[in-house]
Structures are given as C-alpha cells and as structure tokens.
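Read off the chains here:
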Amino acid sequence: MAAIQINLISGRTIQQGVSMENGKEKLAYRDACGILELDDAEFKRLGCFKNTNVRVSSEFGSVVVKAIGATQGPHPGLGWIPMGPWANAVVNPNTYSTGMPTFKGTPVTVDVAEDEVVLDAIALITEECL
Amino acid sequence: MAKIVTDVVCPFCGTLCDDLEVALSDDGEEILEVYNACTIGATKFLHSQAKDRVTRPQMKQEDGSWKEVTYDEAVEYTANLLVDAKKPLMYGWSSTSCTAQGTGSEIGEIVGACMDNTATVCHGSTLIAVQDVGVPSATLGEIANRADRVVFWGCNPAHAHPRHMSRYSIFPRGFFTGKGSKSRKMFVVDPRNTDTAKMADVHLQLEQGHDYELLSAIRVALRGEALPDFVAGIPKEQIYETAETLRSGRFTVIFFGMGVTHSLGKNHNIDIAIAVTRDLNDYTKAAIVPMRGHYNVTGSGQVWGWQFGFPFCLDLTRGFARYNPGDSSSNDLLIRDEVDAVFVLGSDPGAHFPVGSVKKIAQLPSVCIDPHITPTSAVSKLHVPVAFVGVEVGGCAYRMDNVPIETRKVVEPPEGMLTDEEFLQKVLTRVRELKGAA
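Please read all numbers here as calculations on a predicted model, not as lab measurements.

## Quick look at the overall build of chain A
Part 1 of the argument: Counting secondary structure elements, chain A contains five helices and six strands.
Part 2 of the argument: Reading the secondary structure of chain A in the N-to-C direction produces β-α-α-β-α-β-β-β-α-β-α.
Part 3 of the argument: Taken over the C-alpha atoms alone, chain A extends approximately 35 × 35 × 30 Å along its principal axes.
Part 4 of the argument: Per-residue burial for chain A yields a buried fraction of 59% across its 130 residues.
Part 5 of the argument: Taking the contacts inside chain A whose residues are at least 6 apart along the sequence as the reference set, 77% of them involve residues at least 24 apart.
Part 6 of the argument: Element-wise, carbon and sulfur atoms account for 53% of the exposed surface of chain A, whose accessible area totals about 5000 Å².
Part 7 of the argument: Both charge centroids of chain A, one from 10 positive and one from 15 negative side chains, sit 5 Å from each other.

## Quick notes on the sheet that holds strand β7 (residues 114-117) of chain B
Residues and elements named next belong to chain B.
Part 1 of the argument: Pairing is mixed across the open sheet formed by nine strands, whose spatial order is β5-β4-β19-β18-β17-β6-β7-β15-β16. Edge strands, defined here as strands with exactly one partner in the open sheet, are β5 (66-68) and β16 (322-323).
Part 2 of the argument: Looking at chain direction, strand β6 (residues 88-92) and strand β17 (residues 341-345) are connected through five bridges and run parallel. If you follow Gly92 over to β17, its bridge partner there is Leu345.

## Overview of the pattern of salt bridges
Residue and element names in this part refer to chain B.
Part 1 of the argument: One pass over the full model with this rule turns up 28 salt bridges over all chains.
Part 2 of the argument: Taking the shortest distance from any N to any O, the salt bridge between Asp18 and Arg167 comes out at 2.7 Å. Of this pair, Asp18 sits in the loop between β1 (3-8) and β2 (20-24) while Arg167 sits in helix α7 (residues 164-169); the two residues are 149 residues apart in sequence, bridging distant segments of the chain.
Part 3 of the argument: Taking relative accessible area as the criterion, Arg167 reaches 18% and is therefore assigned buried.
Part 4 of the argument: Its salt-bridge partner being Arg430, residue Glu433 comes within 2.8 Å of it at the nearest N-O pair. Pair noted here: Glu433 and Arg430 are both in helix α17 (residues 420-435), with a separation of three residues, about one helical turn.
Part 5 of the argument: In this structure, a network of salt bridges that share partners links the residues Asp18, Asp19, Arg163 and Arg167.

## Section: the UniProt feature "domain: Molybdopterin oxidoreductase" (unreviewed entry) in chain B
Part 1 of the argument: UniProt annotation of "domain: Molybdopterin oxidoreductase" (unreviewed entry) refers to residues 53-263 of chain B when read in the numbering used here.
Part 2 of the argument: With 40% helix and 18% strand, residues 53-263 of chain B has its two end C-alpha atoms placed 37 Å apart.

## Re the UniProt feature "domain: Molybdopterin dinucleotide-binding" (unreviewed entry) in chain A
Part 1 of the argument: UniProt's feature table lists "domain: Molybdopterin dinucleotide-binding" (unreviewed entry) at residues 7-107 of chain A, given in the numbering used throughout.
Part 2 of the argument: A distance of 5 Å separates the end C-alpha atoms of residues 7-107 of chain A, which is 26% helix and 32% strand.

## With respect to the layout of surface pockets
All names here are of chain B.
Part 1 of the argument: The computed volume of the largest pocket comes to approximately 360 Å³.
Part 2 of the argument: The set of elements that each furnish at least two residues to the lining of the largest pocket consists of α4 (124-133) and α12 (297-308).
Part 3 of the argument: By residue class, the composition of the lining of the largest pocket is seven nonpolar, nine polar and two charged.
Part 4 of the argument: Lining the lining of the largest pocket are residues from two domains, each supplying at least three of them: domain 2 (58-121 + 295-435) and domain 3 (124-290).
Part 5 of the argument: Computed from the structure, the second largest pocket encloses a volume of approximately 200 Å³.
Part 6 of the argument: Lining the second largest pocket are Gly28, Glu29, Ser48, Gln49, Ala50, Lys51, Arg53, Thr55, Glu392, Glu412, Pro413 and Pro414.
Part 7 of the argument: Tallied by class, residues from the lining of the second largest pocket come to three nonpolar, four polar and five charged.

## What about the interface of chain B and chain A?
Part 1 of the argument: Each partner contributes residues to the interface: chain B has 58 residues there, and chain A has 50 residues.
Part 2 of the argument: Taking both partners together, chain B and chain A bury about 4300 Å²; carbon and sulfur atoms supply 62% of that area.
Part 3 of the argument: Taken together, the links from chain B to chain A amount to two salt bridges.
Part 4 of the argument: We note a salt bridge from Lys24 of chain A to Asp348 of chain B, for which the minimum N-O separation is 2.5 Å.

## Topic: helix α5 (residues 121-129) of chain A
Part 1 of the argument: Residues of α5 of chain A that are buried include every one of Ala121, Ile122, Leu124, Ile125 and Cys129 of chain A, and no others. Along the axis of α5 of chain A, the buried positions cluster into a sector of 165°, meaning they face one direction only.
Part 2 of the argument: Those residues of α5 of chain A that are buried are in contact with α2 (27-33), β4 (61-69) and α4 (85-88) of chain A together with α14 (349-352), α15 (355-363) and α16 (375-379) of chain B.
Part 3 of the argument: The N-terminus of α5 of chain A is capped by Asp120 of chain A, whose side-chain oxygen sits 3.0 Å from the backbone nitrogen of Ile122 of chain A.

## Quick word on the pairing of strand β21 (residues 404-407) of chain B
All names here are of chain B.
Part 1 of the argument: Burial of the side chains of β21 is restricted to one face: Ile405 and Thr407 are buried, whereas none of Pro404 and Glu406 on the reverse face is.
Part 2 of the argument: With four bridges connecting them, strand β20 (residues 395-398) and β21 associate as antiparallel partners. When the bridges of β21 are listed, Gly395 appears paired with Thr407.
Part 3 of the argument: Joining the antiparallel neighbours β20 and β21 is a turn of five residues, in which Asn402 adopts a positive phi near 70°.

## Observations regarding the packing of helix α1 (residues 14-21) of chain A against helix α1 (residues 39-47) of chain B
Part 1 of the argument: Axis separation between α1 of chain A and α1 of chain B bottoms out at 8 Å; the angle between their running directions is 10°. In terms of axis orientation, α1 of chain A runs roughly parallel to α1 of chain B. Contacts between α1 of chain A and α1 of chain B pair Ile14, Gly17, Val18 and Glu21 of chain A from the former with Thr39, Ile40, Thr43, Lys44 and His47 of chain B from the latter.
Part 2 of the argument: Class assignment for the residues of the contact of α1 of chain A with α1 of chain B results in three nonpolar, four polar and two charged.

## Here's the deal with helix α11 (residues 267-280) of chain B
All names here are of chain B.
Part 1 of the argument: Its 14 residues place the ends of α11 20 Å apart at the C-alpha level, agreeing with the 20 Å of an ideal helix rising 1.5 Å per residue.
Part 2 of the argument: Counting buried positions over the 14 residues of α11 gives 12, a clear majority of the element.
Part 3 of the argument: Of the positions making up α11, those classed as buried are Asn267, Asn269, Ile270, Asp271, Ile272, Ala273, Ile274, Ala275, Val276, Thr277, Asp279 and Leu280.
Part 4 of the argument: Looking at the buried side of α11, the elements it contacts are α4, α8 (211-222), α9 (236-248), β13 (251-256), α10 (258-261) and β14 (285-290).

## Comments concerning the nonpolar core
Part 1 of the argument: Leu36, Val56, Trp86 and Val110 of chain A together with Phe45 of chain B are the most contacted members of the largest nonpolar core, which has 50 residues in total.
Part 2 of the argument: Residue contributions to this core reach at least three from each of two domains, namely domain 1 (3-47) and domain 2 (58-121 + 295-435) of chain B.
Part 3 of the argument: Residues within four places of Leu36 of chain A in sequence aside, it is in contact with Ile6, Leu8, Val54, Val56, Val65, Lys66, Ala67, Ile68, Gly79, Trp80, Ile81 and Val110 of chain A.
Part 4 of the argument: With 41 residues, the next largest nonpolar core counts Met59, Phe343, Val384 and Leu418 of chain B among its residues.

## So, the sheet that holds strand β8 (residues 149-153) of chain B
Consider a sheet: its strands pair through backbone hydrogen bonds, and that pairing is either parallel or antiparallel.
Residue and element names in this part refer to chain B.
Part 1 of the argument: Ordered in space as β10-β9-β8-β13-β14, the five strands form an open sheet in which the pairing is parallel. The open sheet has two free edges, formed respectively by β10 (202-204) and β14, since each of these has just one partner strand. For this sheet the average axis-to-axis angle between neighbouring strands, irrespective of direction, equals 15°.
Part 2 of the argument: Sheet analysis places β8 next to β13, joined by five bridges and oriented parallel. When the bridges of β13 are listed, Phe152 appears paired with Phe255.

Calculation notes
- Residues numbered from 1 in each chain as written.
- Chains lettered and ligands numbered in written order.
- Predicted model: local features only at pLDDT ≥ 70, side-chain atom pairs only at ≥ 80, totals over all residues.
- Heavy atoms only, no water.
- Helix = DSSP H or I, 4+ residues; strand = E, 2+ residues; numbered from the N terminus.
- Buried < 20%, exposed > 50% of the residue type's maximum accessible area, 1.4 Å probe, protein only.
- Contact = heavy atoms within 4.5 Å.
- Areas by Shrake-Rupley, 256 points an atom, 1.4 Å probe, with all protein chains shown as cover.
- Lys, Arg positive; Asp, Glu negative; His and termini not counted.
- Charge placed at Lys NZ, Arg CZ, Asp CG, Glu CD.
- Pairing = 2+ DSSP bridges.
- Salt bridge = Lys/Arg side-chain N within 4 Å of Asp/Glu carboxyl O.
- UniProt positions renumbered as here; feature names shortened; annotations may be inferred.
- 1 Å grid on protein atoms, 1.4 Å probe; cavity = no way out; pocket = protein on both sides within 12 Å on 5 of 7 lines; lining within 4 Å.
- Points joined across faces, edges and corners; volume = space filled by probe spheres on them.
- Nonpolar A, V, L, I, M, F, W, Y, C, P; charged D, E, K, R; others polar.
- Domains from an automatic or database assignment.
- Buried area = accessible area lost by both parts, 1.4 Å probe.
- Arc of directions from axis to C-beta.
- Polar contact = N/O pair within 3.5 Å; in protein donor to acceptor, adjacent residues only side chain to side chain.
- Axes fitted to C-alpha atoms, helices over the stretch in contact; angles between N-to-C directions.
- Parallel < 35°, antiparallel > 145°, perpendicular 65-115°, else oblique.
- Expected span 1.5 Å × (residues − 1).
- Core = buried A, V, L, I, M, F, W, Y, C linked by side-chain atoms within 4.5 Å.

Have a look at this one:
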C-alpha cells in the first residue's frame, strides 16, 4: 500500500450542515465530516478499497479519516474533506496578511491507516488541544 | 389540532428564507414539524427541542469535568475575564441578532477588545475587495425577477444554501423571467463536479486555485483579444463562448463563495471578479453577490459598519477602532499569541479555525456562549447555553444581499434560560461596575 500526494480542499456538504445542527458531539457529525472523498483512480494508487480509514498529513498536522468514493466528482488529483475539525487539523493556517487562512489547496499525503480510528469531534479537538 | 405559525424566518444560512411554517403542539410549547425549510433549517428548529440540550452554564473543573453554575456566576466570570485581560478577543457574532451584536460592541469598546466575526474565515476577503474597488450589487428580489444569466463561482448552493436556487436565482418565475429556469442560463465554475454543477448549462471545471487566471481570461475574451489554448484547464473556445453568453444576457449575476475567498489570491480573486462584473456592465446589466453563510454574518458587518466604520477585524484596544486584516484578525492574533482571553458568541471557531488557532484558545481563559455543545465549548473554561435566536427569541438579521429581516420567535426557551441579548446586558452592567464606568 502506497502513500499518495493530493491537493486538499474543504467546504460545506448538506450532511455536514444537518449533522452540525443536530449536535457536533454526536457520531453523525463524525460520519458526515470525518471523511475524505477520493476518485477511483486515487483508490487504485493508494491500493485500498473504499471505506478504509486513512491518515491525511500535511506540514500543518495530520488526522485519521475514512476514505470514501467521491460523491460529487470526478475531481482528479483533488481530495475533499467537509469543513470541520478533521479538515482543519491539516489545512494551511497562513493568512498571508489577509486574515483568511488558506483553507483550500493544501498539499497532503494520504496513506492507509486501517487499524486507527476516526475520532468524534469532541475527542479529536480534546486530543489535539488539551 | 396543531397550531401553525406562518411566515417564520429560517436562522441557518444567509438566504434567510422567510416563508417557513412551523407546526406546534396544542399548548404551543413543542415544535412538531417544520414546513418549507431545507433539511438543515428544519434540523435547526427541531434540535432546539432536543432532550439532551444543555440548559445551564457549565464551568470546567481542574480534572476536566464540568460543573453546573448559575447565570450570575457565569456573568461574573465573563465580566472579570474581559476586564482583567489586556487584549481580549471577542469573536463570533454571526448567529445572533443585530441588537445583541450592538450590546457586544459596547462591551468590546469598554474593555478594549479585538472584535472579529466569522467573515474572517468566510467572506473577509470579499469585504477587503469591496473596500478596494466597490461592488455593483442587487437584491435577491431583483435577481429573481430579472437575472437571465446566473453564475455560481466557487460555491455549491445545492449543499450550502439549499433553497437559494428555488427561491431566488434559478427556478422562480419572475416578472421578466416568466419561464423560471428555462429563462436563465446557469454557469457553475468549480474544480469539483458538484451537485450544483450537475444542474448547470455550463460547468467550467477549472484547476483548483486558478480562479484569478480564468476571471482574467474572461476579461480578455470580453475585449475580443487573443487567449492561449487553455487557461486554468479550460479551453479558450469555452471561455470565449462563456464571455459572449454573459455579455448577451439582459441581466447577469455572479454569485461566489468560499472557492474564491479561501484559495490563494483571496481578495484579489474577488477584485477581478468585480472587474468582470464592471466590464459586463459596458454591455448589459450585471451584479455580483457573495453567498454569505451564517444567517446574520452580514448584519454583524452592518452593525460594526455603523458603529466603527469597519465590518470585521476591529481592534478597539486603543479606545477607538483600528482595522488591519492580517494584524487585527482572529487567526493572526491567536497564532501570534497576541490575545490573553477569548470570548466566543454565535459561532464555533473550535470546529472552523485551523487547529493551531484552537490550541491557543484552549490555553487561554475562555468563555463560549452557544446553545449547542461544540468543539469550542469543549475547549473553553465556561460554556453558557442561551436561547436560539430565530426560534426562541426574535431579532433583526441581514440577508446575504444586505436586506434586513426581522426573525420571529416560535416557542419559549427552556425555563430560566437567558437570550444572548439578556446575557450580554448583564455582562455589560457588571463590566461597567468593575471599570467604574457610569
């Protein structure tokens, strides 16, 4: 199983919105946002099946999420994590004097992490920050 | 028989749909159903009724457990936190009413806070661009009635603003758009084949982060000048065709979102998007409208605009407002360790700031005022639950096109629970006492 490099972006999905309003401490929020959407070709390069846990790493951090097939694709070379603490664990915080972190276009490495778990939002943020 | 409350305004996104109907139980205390809302808006109303909702303030103990405290104790902690800090950050303000925002500003002015709203991670780049070059805009009502060329650039309303297309931009039959969606040409510019893109007449699947180049190419095409074979991965024929279609309409509108504001280039991407709109006005009528996220982030910018002259990134530490995104913006302040206390109301930086900024919040004295349990409340020292604005208390909010709309109260909040405005008024009173102010 190989590690692959992709370009990561994040943003809203309707499942992210619903689960967010239903309680970010719930597992439904993790299931909606603790995911990485990849194209089929990326799964072939990665050497794993869909719905496998993977570690996404950038120079700014790393996080375990579940890799799923692209629901709004194809988008070759792009990875997608819905906005939330999972995406924000790896995005580029630099604002380049604008006040706005660079949430889109983060180069990341993805490798298979079958034995690791995807934490819920509160556990993830607690582990990262406290 | 259920009691139906009509003309309810949805307090989720900047579309502020004002046609919701909410079915209440006979005693008027319980929300049974929400009609006309999108699934996210309906969930917001129904979640306010959750049995596991936190209804009293909680203070974090040394061992990490939470202890229930009274609202008076919460007010005392919050007031002292703000007064004792040399440079507190007061962040959020986008999921509450304009009145609460105004009261918060009074507190910020007295304690010399840095104040910022969620535009800082949303449409802050847009605000900078608008200040730089101005903006040709229109209301959503005008767009529903007139727009026959609609562009969604770097936004995905099918997911983020689920009723936007059906209420205002694509499907409604307006005075001059009598055939609804058949009256309009829909363009989507997005590096992903989104659910919005799948509905479009034309999808320009550009290379991520190359918005500036493509916008620039459209300006070149509008002038009839030569283009290279591909710009941002889009063939030049498609760019010429797009420019021609936009120019030939009676009313073109460009809606844009985080794909433009979050990518490198940021405010410059919007500068040139506004320039394209201006160019189109040489041939037809054109407008550009940001797709604002929180239901009252626009109002927050409006309130601070009236009060201080700037819409976000306010630095009040010198007793008057200074404004310098990159310096007085939340993430920069946190990353540079420049603030010594954090107050959050009406947003969730714990979930939506880069994790490095959240780590700083976790290290500081902090209070989170939010009806929900959130990653921010989890890392804060004090969590103060409050009533839902737009569900349990009314108040003014601004739609994404800067139209103010009065939200409605539908049900009573849980007994003894304060609203944002009531909590802030108590904090303001206590801050004045501590500061010896009149």
